[in-house]
Structures are given as structure tokens and as C-alpha cells.
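Topology and contacts: notes
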Amino acid sequence: MNFDVTIVGAGPVGLSFARALSDTSLNIAIIDRQTSKSLANPPEDGREIALTHLSKKILTSFGIWQEIDQNEISLIKEAKVINGASPYSLHFNHQDTSENTLGHLIPNRLVRAAAYKVAKESKAIKIITGVGVDSFNIDANKAEIKLSNKEIIHCSLMIAADGRLSGSRRSMGIPSEVKDFGKTVIVCKMEHEKPHSNIAYECFHYGRTLAVLPMVGNYSSIVITISSDQADAIMKMKDQTFNQDIQTRFNSRLGDMMIVGKKYSYPLFASHASHFHANRFALIGDASVGMHPVTAHGFNLGLRGSKTLATVIEEALSNKLDFASVEILSKYNQKHQRSTRPLYYGTNLLVDLYNSERLTAKVLRRLALRFGNNFWPVKKLIMGQLTEVQ
Ligand SMILES: Cc1cc2nc3c(=O)[nH]c(=O)nc-3n(C[C@H](O)[C@H](O)[C@H](O)COP(=O)(O)OP(=O)(O)OC[C@H]3O[C@@H](n4cnc5c(N)ncnc54)[C@H](O)[C@@H]3O)c2cc1C
């Protein structure tokens, strides 16, 4: 099989990137181990994705946003960051911006289903499902990819969108810094007695964090990060005990709380590749940068990177240059590294600061909240980073 571009991984980023390229003259293949059935109708995974204004704009330009049931999109109007048991919070309000919301919260399975539908309908994209990559070889002029069903793909450019543990990245010998927090993220949906008023909370309790994110109706997405040795106990906790525990930790702000459905757990580590490109090869999405979910930037950054790479490729095509050459792809690398590095290191620093039991860290985080609240340029900077209002 011959294609101009082959994308390994039909996750939300791989599919969005395929769509971004589909307006060019290139023909694109996207391959995934999952079946077409599970890509078309992804199972519930407990993830609610907070999307910035820039991401909404990008997804709208791809026609993906329009495929998401608008009744399932919740608005985040305010956000509060709370330190320990203190009633004081760092407070962000959409009224301080020109937008009617700080961001949007959408079930991950709906984003994935919409991206799949749009890619499937494009004539420029061939989706090959139920197969993985066995091996690949890249020389000066082409990439050759051997699939697990023994078929071979020849292409000019191979894109790795195969997630945080990217096997393609490893096979290419691209080093990646991995930060293992020794923690686990537990997510679930809870119904509550009182309305959330579209306020998102991030509570940094000692040794664990609790995020309560407003979903549609009297429901919230609960995100707990906890030391991995204590995660099992929470996963196995009886519903009644769990409800009481979360309600107490959240100071009954939302009244009685009840879990709806299952809890889901994810090991917590972040990763950042040293570079995102090689000759005829590029990394996108979590394969390039895997973020700690506390600042909700993983998919947002993946979309931004997809847009950057697609623009670089489009420019090369219109200048009749080799779009898969290392010189062209290095432009993507430089531009996207400038976006990812400050967010990646800033997020990890924040997580360390708010998880540390050291006295200096405790004092610093109290100061940080007050400084953030009272010093408008800092607050504006954080808000700009979180919401990506353009
Ligand atoms: C609890 C939690 C909450 C989150 N909240 C947010 C949030 O609020 N906002 C936000 O922006 N982000 C959030 N994220 C991050 C977001 O979910 C990820 O950034 C996003 O899923 C990355 O998409 P991706 O397409 O790069 O990778 P993945 O979603 O990991 O997809 C990779 C795909 O590659 C396929 N694959 C892998 N290897 C192969 C192979 N060898 N051959 C073929 N196919 C292969 C897999 O089957 C999969 O379909 C959250 C993550 C978690 C865990």
C-alpha cells in the first residue's frame, strides 16, 4: 500500500491531525490496533476533557466540534484553587475575560467518536483498524511500515500518534524524559444535591488532590490523584463510604454526593520527548508530550501541535518543497517545543509544590495563591495559559 502520510494511532490527536491534512493534496492512512467498532463508539473511560477556546476553534475548523452532542458540553464559568483545608481560594472568573466561559468540559468518548466520524467521511483518509505496527524502516526517501497482518505500507512521512508509551518513538531512538509521580489518577462521575454553578474546583490536600469539574446538570466529574499504594483501597471502597469520603473532603459544598457508574484508574506519569521529529518522521499528541492532567492540557496541546505540523506541511507543499524532510519538520519541532516546554515544566513544578510536605513548600503555596489572586498580570498570565483565549 502506498500513501503520502501514515499516522500510527487513531486516538483523538491522530484522527484530528488526519483531518487537518485532509484538505491538502496528500493521501493519508491512519492505523490503529482497536477495532472500527470501538473507534466509532468508544467505551466510557471516565475522562472528561477540559477544552480551551483555542481547541474549540481548531475542532470547529475541522468540523469535529459540530459532531459532538452540544447538550453534553458543559461550560466552566469559574475555577477555584484551594490549598489544604483553607477556605481561601485562587479564583478565576470568565467575567475577567472577553468570553462567556473559561472553557468547556466534554466526555472523552464523545470527542473520540466525533473525530473518528469526521475522519471516516473524508475521501483523503483511509482508516485501517484491528492492526498494529510490527516494525518499520525509514531511509532518506521513504518509510516502510510492516503491519501485524503482514501487509506493508510505503509512505513519505510516518507520524507517531501512538500515545504516551509510544513504541514508534522508542524504535526511532528518540529519548523521552519520563516523570513518574508514583501516583494514580482515579476518575468517576458523581451526582449531587446542590447545583455546581459551573464552577471547577482543584483542591490540593496533603498527599492527594481532588478536582471537582462541572458536568451538565447536577453532576460533576471527580478526579482524585493519590499515592499508588493507596489507590487500590479507593477503587475497592463501597459506594456509600466513597460518597461520604468525597463529600467530607469537599466540605459538603455540593450537599449529598452519590457516585454514578464505575471508577476508572490511570497510572500517573508525564513524559516529554527530547525532540519531535526526524527525517520522514514526527511525533504528535501524547507520543510527543504526556501531561499531568492537573492543568488539563494533554489533548489541548496535542491539537495545537497537530495544527502547527499541518500548517508547516501545507506551507512546504505550496512552496513545492519536500514536506517530510528533516528541515521542514524541524520547524514544527521548534515551534511546538516552545509551546510545550513551559507548560510541561510549569505543571510538574506546580504538582511538586502542592504535593510536598516540606514547610517551605507549604508557605510558598499559600503565598502563590495570594500572589496569583492579587497581582493581576500574574493572574492574567495563568488564565491565558489555562483558557487559551486567542
Ligand atoms: C484522567 C485523565 C484526564 C484527562 N483530562 C484532560 C483534560 O481535561 N484536557 C486535556 O486536554 N487532556 C486531558 N487528558 C489527556 C488526554 O486524554 C490525552 O492527551 C489524549 O487522549 C491523547 O491523545 P492521543 O491521540 O495522543 O493518544 P491516545 O489517546 O493514547 O491514543 C493512542 C492511540 O494509538 C493506538 N496505538 C498505540 N500503539 C499502537 C500501535 N503500535 N499500532 C497501532 N495503534 C496503536 C491506541 O490504540 C490508541 O487508539 C486527560 C488524561 C487522563 C488520563
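This write-up is about the structure you can find in this document.

Rules behind the numbers
Residues numbered from 1 in each chain as written. Predicted model: local features only at pLDDT ≥ 70, side-chain atom pairs only at ≥ 80, totals over all residues. Heavy atoms only, no water. Phe/Tyr/Trp six-rings, centres within 6.5 Å; stacked < 30°, edge-to-face > 60°. Helix = DSSP H or I, 4+ residues; strand = E, 2+ residues; numbered from the N terminus. Buried < 20%, exposed > 50% of the residue type's maximum accessible area, 1.4 Å probe, protein only. Near = heavy atom within 4 Å. Polar contact = N/O pair within 3.5 Å; in protein donor to acceptor, adjacent residues only side chain to side chain. Areas by Shrake-Rupley, 256 points an atom, 1.4 Å probe, with all protein chains shown as cover. Contact = heavy atoms within 4.5 Å.

1. Some thoughts on the packing of aromatic side chains
Under the definition given, this model contains four aromatic pairs. Residues Tyr 201 and Phe 250 carry aromatic rings whose centres are separated by 4.9 Å and whose planes lie at 85° to one another, so their mutual orientation is edge-to-face. Of this pair, Tyr 201 sits in strand S13 (residues 199-205) while Phe 250 is found in the loop between helix H7 (239-249) and strand S16 (257-273), placing the two residues 49 residues apart along the sequence. Just as Tyr 201 is buried, Phe 250 falls in that class too. Note on Phe 276 and Tyr 332: the rings are 6.2 Å apart at their centroids and 45° apart in plane angle, and the pair reads as tilted.

2. Some thoughts on the site of the ligand
Near the ligand, the surroundings consist of 30 residues, among which Asp 32, Gln 34, Arg 47, Ala 50 and Asp 286 are the closest. Between the ligand and Pro 12 there is a distance of 3.3 Å, counted from an oxygen atom to a backbone nitrogen or oxygen. Considering the ligand on its own, with 1000 Å² of exposed area, one finds that the protein chains cover 87% of that surface. Among the elements of the structure, helix H1 (12-21), strand S2 (28-32), strand S3 (48-51) and helix H8 (298-318) are those that each provide at least two residues to the shell around the ligand.

3. Remarks on unusual backbone geometry
Despite not being glycine, Asn 198 shows a phi value in the positive range, around 55°. By secondary structure assignment, the location of Asn 198 is in the loop between strand S12 (176-192) and S13. Residue class for Asn 198 comes out partly exposed when judged on its relative accessible area of 23%. Positive phi values are uncommon outside glycine, yet Arg 280 reaches one of about 60°. As for its position among the elements, Arg 280 is in the loop between strand S17 (277-278) and strand S18 (281-283).

4. Considerations on the side chain of Asn 243
Here Asn 243 lies in helix H7. By relative accessible area, which is 12% here, Asn 243 ends up buried. Once residues within four sequence positions are removed from consideration, Asn 243 is found in contact with Met 190, Met 257, Met 258 and Ile 259.

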